[in-house]
Structure formats: structure tokens, C-alpha cells
Amino acid sequence: MTASDPSKPFDTKTVGVLGAGQLGRMLALAGYPLGQRFAFLGQSQQEPAALLGDFYSSEQQPEAWQVMATECDVITYESENTSVEWVREIARTTPVYPGERSLYVTQDRGREKALFEQLEIPCAPYRLVNSADDLQQAVAELGLPAILKTTQEGYDGKGQKLIKTEDQIDQAWSELGHKPLVLEGFVDFQRELSLVAVRNADNEHEYYPLVQNVHHDGILRYTIAPARQVSPEIQKQAEQYLQALLDELDHVGVLALELFETADGLVANEMAPRVHNSGHWTQDGAITSQFENHVRAITGLPLGPTAPREPICAMVNLIGEIGPVERVLTLDNAKLHLYDKTERPGRKLGHINLWANTETELFATLEQLKPFLP
Ligand code: AMP
């Protein structure tokens, strides 16, 4: 581990990021103003963050994680699909935040739901499914409609199948049945919300306001922040759930919780041990962005205030194609963020953050951004 330089007025660190996608890129962009340095371990030099750091390690090299452990002061990761073994090995010599348990739990829907139950956080009824017979039994117990999901490596709605009628059960099994699965009862929700929080090793906690997320084909398309008509009680409830998770996991860094709002209150869907797409609005809309707060938390700095800087904000994802983004540059209440990725259907290529004084004003700007919405 590199020793921090006592001659420097501020204790800056080299942060090693496992993964070199857009989340790593935005972590570095937020961390450099604090004097932090970055290094990335990725799959290819074409990835959004690969060449943004002091050095780049390729996953193809078997010893890549050891280079990160040796050359960096602290390690973080940008995906819950990161190898738990790497994190365990690296942690022998170099701190890894969030820690191994946060990663282990959040990379498997079954473990995540077991933790929700342990902490009495409401979630959809579910059954683990490892065979066609299990699936029949699970459907008999939970009823239909229900959603069959792979327990691991699902993202952006991939690896899941809605089962509405009994004749769809075999089809769902043949599409997904080669992996461990979970069947979830269908939640009759009014809207989807999420909460992003951050905790540091001094046990400081900060919470952003609940935001509303709108998905299309399983992919987040836009976020409204803060979500409209959220009572202080609902915000408090969501924070209590997240605090229970942060403390139980001894989590250091950002943790995001996706929730369904139902007539009976909040129901947890899933969580992510990292900065989250529904928190991108904080770059232009909050006093401290989720990216800066993650960097602060993992480098041992005090957390920054999470209050919104603007009355109402939105974040619009650019999916599959960039579109006529030049028009964003002419707006005085929007910012363009591109990830330097090539166009491909369903791929997240960038986002637009916008803000306004009133809901009417925000929706008028969203109207101008129609080409980017589904
Ligand atoms: P996930 O990958 O679990 O976030 O699921 C992707 C999307 O599918 C969610 O954002 C919801 O719109 C929908 N969804 C997932 N699970 C359920 C459920 N149990 N009931 C109803 N809708 C769901």
C-alpha cells in the first residue's frame, strides 16, 4: 500500500476502482477536485473510465487485482457483480469499501431478501427456485402474476420474466432455468421510488431525498428529484430501512435502495452497494453529489450535505443512441453528461440533468427533451 505523503497539506489517496464503466468515471470526476487520485481495473481500454486514472489494470491479466492492492490506498467497486474473492484477497492488505459482506449480500437477490426479512423491511413474498418442480410449487404458493428472476447478474430488467398465466410457466423455466432463480409475488405499486444514502467509517449517515423513477422495458428512463408528494413520514420510513441496512452491513460508501410505493406503504425491491443511476441528478441538483460523497466516505473524509440545491430536478437517461444532444447545450437549466460509449440498443450512453423552480417549468423543459424519452 502506498503511504500517504505527510508533506501534503491534505491527506489525498489513490483510489482503486474495480470496474471502469461510467460509474467509475463519474467517481473520478467528482474525486479529483478533492485532490484524490484514481486507478481502474477494467475489461478493455475502451471503457468509459479506463484511461482516466494514473494507471489501468486489465482483468485479462491474472494478477491485476494484486496490482491494485499494492498500488492503491483504498479500493472500491462500481458493480455488485464484482468478484467477492478479489475483494476478500485485496482486503488482506488494503481497505476495501464497501466491505466484503455488502458485496456478498447485494450480489444475490436471495441473500438480499433474507436480510430484508431479518431487518423487518417489507419486501415482496418470494420463493427460491432451483428446479421446474420448485417453480410449480412456488406458483401454487404465491399465485399469479409473479416475476421469475435470476438471483445473480440480472440488471436493467435482464434475467427476468413476468408470468401471468399457468401456460407461461414452462416457457419462463426454459428461458431462465439454467441458473438459480427466485419467484417474486407481483407488487401492485403506485410508483417506484429510491433512496440513496451514504455512511462513513465514523458512522456518519447522510440521506438524499426520495426520488421517483420511471422505467421502460426494465431500464430506468428518467428520475424526478425529489419525488413529488412524499410525506415526511415516508421519507423517514425509507431512511430507517436504509439505516438498518447500512448499520447491519457496517457499510462504508453509498448504498441505494429501490422501493415500491403501495397503498400499504413502502416495499423494498433491491439494493445496490454503489452509486446509483437514480442518484445522478445529485451532480447538478444537490450540494454534494452521490459520487463525491462516496469518495469522501471511502477516503475517510467528513460527508457533505445532501440537500437539494434546486426546488425540483430531473435526470433523463440517454439509452441506445445519443440523439440530438446539441440542443441540451442551449438550455440554461440542463447539463449534458456523456460516458464516451458507442451506441448499441439498450446501452446507457449518458444522461441529462435538468432543474427548475416549479413542476410546470420542469415539465416544460422535459417537453423539449422529448426525443430522448421513450
Ligand atoms: P429489478 O431488476 O428487480 O429492479 O426489476 C426491474 C423492474 O421490474 C422494476 O423496476 C419494476 O418495474 C419491475 N418489477 C420488479 N419486481 C417486481 C415485482 N415483484 N412486482 C412488480 N413489478 C416488479
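Predicted, not measured: the structure shown is a model, and the values here were computed from it.

A.B. asks: Break down the overall build of the protein chain for me, with residues and values.
C.D. replies: Within the protein chain one finds 11 helices and 17 strands. Computed over the C-alpha atoms, the radius of gyration of the protein chain is 21 Å, within 12% of the 21 Å expected from 2.2 N^0.38 for a compact globule of 374 residues. Overall, the protein chain is about 70 × 50 × 40 Å in size when its C-alpha atoms are taken along their principal axes. Each of the 374 residues in the protein chain was classed as buried or not, and the buried ones make up 54%. Within the protein chain, counting contacts between residues at least 6 apart in sequence, those at least 24 apart form 61% of the total. Within the structure as shown, the protein chain displays about 16,600 Å² of accessible surface, and the carbon and sulfur contribution to it stands at 48%. Averaging the coordinates of the 31 positive side-chain charges in the protein chain and doing the same for the 53 negative ones gives two points 3 Å apart.

A.B. asks: Describe in detail the site of the ligand, supporting the description with residues and values.
C.D. replies: In the region of the ligand, 15 residues are neighbours, and Lys149, Glu184, Val187, Glu192 and Glu270 sit closest. Within the side chain of arginine 109, an N or O atom sits 3.0 Å from an oxygen atom of the ligand. A distance of 2.8 Å separates a nitrogen atom of the ligand from a polar backbone atom of valine 187. Compared with its free state, where it exposes 470 Å², the ligand has 90% of that area covered by protein. For the shell around the ligand, the secondary-structure elements that each account for two or more residues are strand E6 (146-150), strand E8 (181-185), strand E13 (253-262) and strand E14 (265-272). Counted by class, the shell around the ligand contains five nonpolar, four polar and six charged residues. Built from parts of two domains, the shell around the ligand gets at least three residues from each of domain 2 (125-185) and domain 3 (191-372).

A.B. asks: Tell me about the pairing of E8, and please be specific about residues and values.
C.D. replies: Every other side chain in a regular strand lies on the same face of the sheet, so the side chains alternate between the two faces. The buried fraction of E8 is high, at five of five residues. Covered by surrounding structure in E8 are Leu181, Leu183 and Gly185 together with Val182 and Glu184, the residues of both alternating faces. As paired elements, strand E5 (residues 126-129) and E8 share four bridges and run antiparallel to each other. Following the sheet pairing, tyrosine 126 is matched in E8 by glutamate 184.

A.B. asks: Residues and numbers for the environment of isoleucine 90, please.
C.D. replies: Here isoleucine 90 is to be found in helix H3 (residues 84-91). Discounting chain neighbours no more than four positions away, the residues touching isoleucine 90 are Leu18, Trp65, Ala69, Ile75 and Val96.

A.B. asks: Describe the domain arrangement of the protein chain, with residues and values.
C.D. replies: Considered domain by domain, the protein chain is made up of domain 1 (14-96), domain 2 (125-185) and domain 3 (191-372). In this structure, domain 1 and domain 2 have C-alpha centres spaced 34 Å apart.

A.B. asks: So, the nonpolar core: which residues are in play, and what are the values?
C.D. replies: Residues Val15, Phe38, Phe40, Val275, Trp281 and Phe291 are the most contacted members of the largest nonpolar core, which totals 35 residues. Of all the secondary-structure elements, those providing two or more residues to this core are strand E1 (14-18), helix H1 (22-31), strand E2 (37-42), strand E9 (191-199), strand E12 (219-225), E13, helix H10 (290-298) and strand E15 (312-319). The leading source of residues in this core is H1, at five residues. Leu210, Ala227, Leu245 and Leu259 belong to the second-largest nonpolar core, a separate cluster that totals 23 residues.

A.B. asks: Kindly report on the environment of histidine 351, identifying the contributing residues and their values.
C.D. replies: By the element assignment, histidine 351 lies in strand E17 (residues 348-356). Here histidine 351 falls in the buried class, since its relative accessible area comes to 0%. Separated by 278 residues in sequence, histidine 351 and aspartate 73 place their C-alpha atoms 31 Å apart. Discounting residues that sit within four places of it in the chain, histidine 351 has contacts with Met26, His280, Gln283, Met315, Val316, Asn317, Leu318, Lys335, Leu336, His337 and Tyr339.

Conventions and cut-offs
Residues numbered from 1 in each chain as written. Predicted model: local features only at pLDDT ≥ 70, side-chain atom pairs only at ≥ 80, totals over all residues. Heavy atoms only, no water. Helix = DSSP H or I, 4+ residues; strand = E, 2+ residues; numbered from the N terminus. Rg over C-alpha atoms; globule rule 2.2 N^0.38 Å. Buried < 20%, exposed > 50% of the residue type's maximum accessible area, 1.4 Å probe, protein only. Contact = heavy atoms within 4.5 Å. Areas by Shrake-Rupley, 256 points an atom, 1.4 Å probe, with all protein chains shown as cover. Lys, Arg positive; Asp, Glu negative; His and termini not counted. Charge placed at Lys NZ, Arg CZ, Asp CG, Glu CD. Near = heavy atom within 4 Å. Polar contact = N/O pair within 3.5 Å; in protein donor to acceptor, adjacent residues only side chain to side chain. Nonpolar A, V, L, I, M, F, W, Y, C, P; charged D, E, K, R; others polar. Domains from an automatic or database assignment. Pairing = 2+ DSSP bridges. Core = buried A, V, L, I, M, F, W, Y, C linked by side-chain atoms within 4.5 Å.

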